[in-house]
2 protein chains.
Amino acid sequence: MFQPQVVLDRSSPVPLYFQVAEQLERAIRDGDLVAGDRIANEVAWADQLGVSRPTMRQAIQLLVDKGMLVRKRGVGTQVVQAPIRRTVELTSLYDDLRRTGHHTTTDVLDLALVPADEGPATRLGCPVGTPVWRLERVRRVDGQPLALMRNHVPASVTDLGDVDFTATGLYELFRTRAIHLRVAHQTICARLADRRESRLLGVKVADALLTMERTSYDDSGRAVEHADHLYRPDLYSYETTLVDR
Amino acid sequence: MFQPQVVLDRSSPVPLYFQVAEQLERAIRDGDLVAGDRIANEVAWADQLGVSRPTMRQAIQLLVDKGMLVRKRGVGTQVVQAPIRRTVELTSLYDDLRRTGHHTTTDVLDLALVPADEGPATRLGCPVGTPVWRLERVRRVDGQPLALMRNHVPASVTDLGDVDFTATGLYELFRTRAIHLRVAHQTICARLADRRESRLLGVKVADALLTMERTSYDDSGRAVEHADHLYRPDLYSYETTLVDR
DNA sequence: CAGTGGTCTAGACCACAGT
DNA sequence: CTGTGGTCTAGACCACTGT
């Protein structure tokens, strides 16, 4: 039974289970462990690393949740025969693109404090007429328009008045203001572009677009933001890994 | 601190943590606990229910993963201010629709054992030319065409030759044959319908469609199925709940 | 049968948030 | 400071799988 080298630093502030998961994940990505390989059982791992079994379980569970490992009772734990794609996380498109090294720019079409219409109000769970910030942007990647993004943020959450959204993403801003997004509900669909949208996104009129509606909640369970985004399907797709538990 | 009534049955085969999570979830859905409510702390719960703290944690974690609760260190655990939608699970459209009480029918357009083309072979991780079952269906809801579904299943996984897919879903079939889907990778996008697709789905030519590509892996990490589906965006959208951990 | 993961206990110490 | 969740230990028994 192959056991990749795992070294723990007990003086590190990084939790033990996370250190284990990290190094196991690297072993899989580097190909030290390949599809279908069975890894040693939990007890053996715990023994070898000098951690308790629950801690080792937690490490393995992290990778199971990421879709990289599969557990079968009475059998063992195996590496999934699958190309590892990024799992869906609670990040913004801006973060995604910057991380992958693309040059992104943003055109701000609209930023204003307005009374909430029925749509945004319903989604944010606030009364119609509540002051909300309305933000509309076009996101470009290497010059090409990629997404047309409309967002609403209740004025009670934070003040967007002085923010330069050509330089800062909305989610990045939330982080700097200690607003921690924790849960989001998304609906993804498709529809045809209208005249304005096709012009802004540089596609033909009546071309297909990917639509994404999202409401995000922070760590006190409060609705913080509603997004209504349109993506060019030739430049963007939505990838997820599903895991049955 | 409000604590809904939770009753445990220690003789039940249902794990304790699951019994707790179930009843807590019901309390939230029934409105006994509402958005923003703080629930009692883990130790108090464990004490009252007579279970250990790790068990209670596991119960709460289940609901956190579902996006119904939010934990904050030093503060407590709160109910998320969000409409509860179904979280994404590893189920088929057929299951989804049957569960919501709709009348679904299926037209089988094609079911054949063929050598794998490059596309399906790549996705399934098998050599080009490997025998695979090719299945093409139209799913209807209350008579209306909803989805055009093309699936590929390696012949080595199971025999689809005698299956009546007008009466049985593919995922349902897998379950009856003890093939347990555990991980899937999905890509969701949009494109225009071509002539054949628009005819089969009952939409205008060059109408927008939602596309879904999915590869599923079973509990030994083996690629079991590749799906290439097209959905009518007026009848179907893809909803998810994202949770940051 | 032996080996595996699934569940559970009864504690412990720590980091962080709010008072 | 107190109270909270985050991490961790060192065991235990059980259910399921494959031989």
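Residues numbered from 1 in each chain as written. Chains lettered and ligands numbered in written order. Predicted model: local features only at pLDDT ≥ 70, side-chain atom pairs only at ≥ 80, totals over all residues. Heavy atoms only, no water.

**Q** Help me out: how do you make sense of the pattern of salt bridges in this one?
**A** Pairing is possible between side chains that carry opposite charge, provided their charged atoms lie close to one another. Taken as a whole, this structure holds 31 salt bridges over all chains when the rule is applied. The salt bridge partner of Lys72 of chain A is Asp219 of chain B, with a shortest N-O separation of 3.8 Å. Pair noted here: Lys72 of chain A is in strand 2 (residues 69-72) and Asp219 of chain B is in the loop between strand 8 (208-218) and strand 9 (223-231), and the two residues belong to different chains. Look at Lys72 of chain A and you get partly exposed, because its relative accessible area is 26%. In this structure Asp219 of chain B comes out as buried when scored by relative accessible area, which is 10%. Between Glu213 of chain A and Arg123 of chain A there is a salt bridge whose closest N-O contact spans 3.3 Å. Residue Glu213 of chain A is found in strand 8 (residues 208-218), and its partner Arg123 of chain A is found in helix 5 (residues 118-124); the two are separated by 90 residues along the sequence. Taking relative accessible area as the criterion, Glu213 of chain A reaches 24% and is therefore assigned partly exposed. Note on Arg123 of chain A: relative accessible area 36%, which makes it partly exposed. (Salt bridge = Lys/Arg side-chain N within 4 Å of Asp/Glu carboxyl O. Helix = DSSP H or I, 4+ residues; strand = E, 2+ residues; numbered from the N terminus. Buried < 20%, exposed > 50% of the residue type's maximum accessible area, 1.4 Å probe, protein only.)

**Q** Whenever I open this one, the relation of the copies chain B and chain A confuses me. Can you help?
**A** Applying a rotation about an axis and a shift along it to one chain copy brings it onto the other copy. Mapping chain B onto chain A calls for a rotation angle of 180° and an axial translation of 0.1 Å; the resulting RMSD is 0.1 Å. A rotation of that kind, with that shift, is consistent with a two-fold axis. Across chain B, the smallest distance between a C-alpha and the rotation axis is recorded for Ala208 of chain B, namely 2.4 Å. Here 100% of the contact residues of chain B are again contact residues in chain A; the copies associate through an equivalent surface. (Least-squares fit on C-alpha atoms with pLDDT ≥ 70 in both. Contact = heavy atoms within 4.5 Å.)

**Q** For this particular structure, what's the right way to read the protein's contact with DNA strand D?
**A** Around DNA strand D, 25 residues are found, and the nearest of them are Arg10, Leu16 and Thr55 of chain A together with Asn41 and Gly74 of chain B. Of all DNA strand D atoms lying within 4 Å of any protein atom, the proportion belonging to sugar or phosphate reaches 67%. At a separation of 2.8 Å, a base nitrogen of DNA strand D approaches a polar side-chain atom of Arg53 of chain B. Here a phosphate oxygen of DNA strand D and a side-chain polar atom of Thr77 of chain B are 3.0 Å apart. When residues of the surface near DNA strand D are traced back to their parent elements, those giving at least two are helix 1 (16-29) and helix 3 (53-65) of chain A together with helix 3 (53-65), strand 2 (69-72) and strand 3 (76-79) of chain B. At 4 residues, the largest contribution of residues to the surface near DNA strand D is made by helix 3 of chain A. Of the residues belonging to the surface near DNA strand D, the class tally is 7 nonpolar, 9 polar and 9 charged. (Near = heavy atom within 4 Å. Polar contact = N/O pair within 3.5 Å; in protein donor to acceptor, adjacent residues only side chain to side chain. Nonpolar A, V, L, I, M, F, W, Y, C, P; charged D, E, K, R; others polar.)

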